[in-house]
Amino acid sequence: MKLPGQEEFDVSRAYENVPTGELDSGPGSGPSPDGSSDTDNRDLGVSNDPLLFIQLNELLGWPQALEWRETGRWVLFEEKVEVGAGRWSAPHVPTLALPSLQELRSLLADGLVLLDCPAQSLLELVEQVTRLASLSPELRGQLQSLLLQRPQHLIQTTSTRPCWRSAHPREAFHDEEAPLKEQRQNPLRQKLPEGAEAGAVLAGELGFLAQPLGAFVRLQDPVVLGPLNEVPLPSRFFCLFLGPPTLGRSYHEMGRAMAILLSDPQFQWSARRASNLHDLLAALDAFLEEVILLPPGRWDPTARMPPPKCLPSQHKRLPSQTREVKGPSARRGAPAEDRHGHPPHAPSPELQRTGRLFGGLVQDVRRKASWYPSDFLDALHPQCFSAVLYIYLATITNAITFGGLLGEATDGAQGVLESFLGTAVAGTAFCLMAGQPLTILSSTGPVLVFERLLFSFSRDYSLDYLPFRLWVGIWVATFCLVLVATEASVLVRYFTHFTEEGFCALISLIFIYDAVSKMLSLTRAYPIQGPGSPAYGCFCQYPDPGGNESQWIRTKPKDRDDIMSMDLGLVNASLLPPPECARRGGHPRGPGCHTVPDIALLSLLLFLTSFLFAMALKHVKTSRFFPSMMRKVLSDFSSVLAILLGCGLDAFLGLATPKLTVPREFKPTLPGRGWLVSPFGANPWWLSVAAALPALLLSILIFMDQQITAVILNRAEYRLRKGAGFHLDLFCVAMLMLLTSVLGLPWYVSTTVISLAHMDSLRRESRACAPGEPPSFLGISLGLGGPSRRVSLK
């Protein structure tokens, strides 16, 4: 269907990649140049169309001085100009009345629809629209002059207050073609991605028009229409809705309805590919079929709905259209979908069985060999340096924590020095040789529990702990090599999210249990004392001239207010503090003389302060305080800053809280042993064979801990390109298990918490995001391991 005068424009050609005959079928029918349909691309979350910025300019001032004023804008959500405050409102979900959509449909059906208009400027566009309208020459001239007026834009800058920019209505148009300086410096431009296009909607009441005038124009090539939009973007759509003042008809609401339609992805898809008026009206009808109505009187029309935290996928709106295009024969050969509507994913190449001994390991080595040089060259990215510092501090704090816990669990057989040395050796070797260097090795909660049980067993049965531990490590390395040879790592593709979350919960509970248990042990070693407790009281006793110490007794006070009223007996006893007593030649006597007060209480306060401070800093990233860069730094280094705060408070108060025992020399913590562990020591020879039983249990634990962490890190949503290395990683862990057992160092396996923190420090998020839209995750652009490593986007 074409209107009179529309034949000048060749609208037979549709959008470049969609045949004209297929446009009536909707957005599911257009094949792309690579042979895949646009529907398939949209199902995958990929859009080939540029982002569209829509602006509503409203004609105000009739019948006095007429002027165009920007009153609303849309990208994904609506923003309105708050006239009284002179600012933009917060982005919100747009709402509109159903009659405005019905009136818009009628106006489009009777108005001008120009598709693929060849205009190259606003002047040419206005001449084309007014020439095709049924207007007298005088009215046409007035309308052209009105449409060429520079509109007033509300441009908010960071350095100045919001300002309205306009020019005299009668200025020559050739001076109006170039965008204003404020338009080019508009901060909104930085939020829009490269290649974004604009759509302008003009609406208002015009008294000299006898009939409503509606026009929908799609430009053949997007061009910048001078100062028409507040952002100098090339415009693809131009819509005009003018008419005489009529009771019950709001051109402002019709303009909003058109802007909301253009901001809808499905309508925009159809509008870009429409070949005639019928296609455009069909797209509007499809939009009306999905509109959700709210009953009147049950909600406040002035209320603004905030944008959702997560937008629903657009592919959920396509099934009915897709079925019309593909038909039952196409669906018959399609793979079954899961209960969420997503097609099943084929297993990754790393998790496909080869049927050969060490076949998976060989494939992992070949896969990583091609990326190995780029792992070091790509490390020059600036994001690597901040990630290196962050993961270094996170690993150091973890090594200190587990070193102290391990030293207490093994009664000094291993300690902080072994933890530091093992972290350095195992971490460097793994990052240089592993298939997924984003993984961070460390002591974990389950392994710590096993070490504690193994030491308790050795102590109870009078066994030499380190030689027994050596044979357990040898057997664990052997079992892991068997798992690598038989490609047992392919079983991880059957791990569900329940398995992953359950194992992560186990690790978290072990961390929490150890922390609380440590605090309770402090309360037993250093009880919180108060007046009247059995351990309260200390006296200084002086020897008499004959060298004998005088005797004294402490009587019970008569009441609580007379707590210090005691019968000290002879005069050579006093209440001096122990250091002052010793300086004057006396001897401290009493149950409270050698008890340090407030140790347990202060330790508990430091524990809670560090935890709460770390949690508060972690949530600073999503707060409204400080610039975004500072918020990210505070959030990334929350744990380190919390530890520094706790240590600073402890040093400032000067109380003798328990500290870690660190050797002053580079030697093992356990006195009398060397760096190499003897295979037998005082243990019988058959213990080397019996160690296979606990080693089997530890092997299962190592396999689960390592592979679950690897599965979490290699999820598809992280968009890693260099691939995983399940077999190669397990092989490296087996070799390191053997090395650390020989040296008497802690055992190391992939740690989920620090590895995920490592991934988080390498996240890439979009800087160009629409108002109201959270930054979108672009993937893990950088990966560090050993010196530094990088993993590119998919």
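Everything discussed here concerns the structure shown above.
Quick caveat: nothing in here was measured; it's all calculated off a predicted structure.

Caption draft 1: Seen up close, the packing of aromatic side chains. Throughout the structure, instances matching the rule amount to seven aromatic pairs. For the ring pair F455 and Y465, a centre distance of 5.2 Å and an interplane angle of 85° mean the geometry is edge-to-face. With a gap of 10 residues between them, F455 in helix α14 (residues 445-460) and Y465 in helix α15 (residues 465-485) connect regions that are remote in the sequence. Here the aromatic rings of F666 and W675 are separated by 5.2 Å at their centres, their planes lie at 35°, and the arrangement is tilted. Of the residues examined, F666 reaches a relative accessible area of 57% and is grouped as exposed. Accessibility expressed as a relative area gives 24% for W675, which makes it partly exposed. An aromatic cluster of three or more residues is present, and its members are F457, Y461 and F468. Residue placement shows R73 over the ring face of W88; its charged tip is 4.1 Å from the ring centre.

Caption draft 2: The arrangement of the environment of L713 in detail. Within the secondary structure layout, L713 lies in helix α22 (residues 692-713). Spatially, the C-alpha atom of L713 lies 7.6 Å from that of T439, the residues being 274 residues apart in sequence. Filtering out sequence-adjacent residues up to four positions away, L713 remains in contact with L438, T439, Y718, L720, S755, L756 and M759.

Caption draft 3: A look at the sheet that holds strand β2 (residues 67-74). Strand order in the open sheet formed by eight strands is β4-β3-β2-β1-β8-β10-β9-β5, with mixed pairing between adjacent strands. Either end of the sheet is taken by a strand with one partner, and the two such strands are β4 (87-88) and β5 (112-117). Bridge analysis of strand β8 (residues 197-205) against strand β10 (residues 235-243) gives eight bridges, and the strand direction is parallel. By the bridge assignment, A203 is partnered in β10 with F241.

Caption draft 4: Region of the structure containing the packing of helix α16 (residues 497-525) against helix α18 (residues 599-618). Where α16 contacts α18, the two axes come as close as 9 Å, and the packing angle between them is 160°. Classified by the angle their axes make, α16 and α18 are roughly antiparallel. The two elements α16 and α18 meet at a crossing, and its hand is left-handed. Between α16, through A515, M519, L522 and T523, and α18, the contact on the second element is made entirely by A600, S603, L604 and F607. Looking at the contact of α16 with α18, its residues break down into six nonpolar, two polar and no charged.

Caption draft 5: Representation of empty space enclosed by the protein in the model. For the structure shown, the criterion picks out three cavities of 30 Å³ or more. Its volume calculated, the largest cavity comes out at about 70 Å³. Every residue lining the largest cavity is listed: F402, G403, L406, S419, S443, T444, V447, L448, E451, P746 and W747. For the lining of the largest cavity, the secondary structure elements donating two or more residues are α12 (382-409) and α14. Looking at the lining of the largest cavity residue by residue, the class counts come to six nonpolar, four polar and one charged.

Caption draft 6: Fine view of the packing of helix α2 (residues 98-110) against helix α7 (residues 251-263). As a packed pair, α2 and α7 sit with axes 9 Å apart at the nearest point and diverge in direction by 85°. Comparing their axes, α7 and α2 come out roughly perpendicular. The segment α2 lies against α7, with S100, L101, E103, L104, L107 and L108 engaging E253, M254, A257, M258 and L261. Residue composition of the contact of α2 with α7, by class: eight nonpolar, one polar and two charged.

Criteria and thresholds
- Residues numbered from 1 in each chain as written.
- Predicted model: local features only at pLDDT ≥ 70, side-chain atom pairs only at ≥ 80, totals over all residues.
- Heavy atoms only, no water.
- Phe/Tyr/Trp six-rings, centres within 6.5 Å; stacked < 30°, edge-to-face > 60°.
- Helix = DSSP H or I, 4+ residues; strand = E, 2+ residues; numbered from the N terminus.
- Buried < 20%, exposed > 50% of the residue type's maximum accessible area, 1.4 Å probe, protein only.
- Lys NZ or Arg CZ within 6 Å of the ring centre and 35° of its normal.
- Contact = heavy atoms within 4.5 Å.
- Pairing = 2+ DSSP bridges.
- Axes fitted to C-alpha atoms, helices over the stretch in contact; angles between N-to-C directions.
- Parallel < 35°, antiparallel > 145°, perpendicular 65-115°, else oblique.
- Left-handed = near helix turned anticlockwise from the far one by under 90°.
- Nonpolar A, V, L, I, M, F, W, Y, C, P; charged D, E, K, R; others polar.
- 1 Å grid on protein atoms, 1.4 Å probe; cavity = no way out; pocket = protein on both sides within 12 Å on 5 of 7 lines; lining within 4 Å.
- Points joined across faces, edges and corners; volume = space filled by probe spheres on them.

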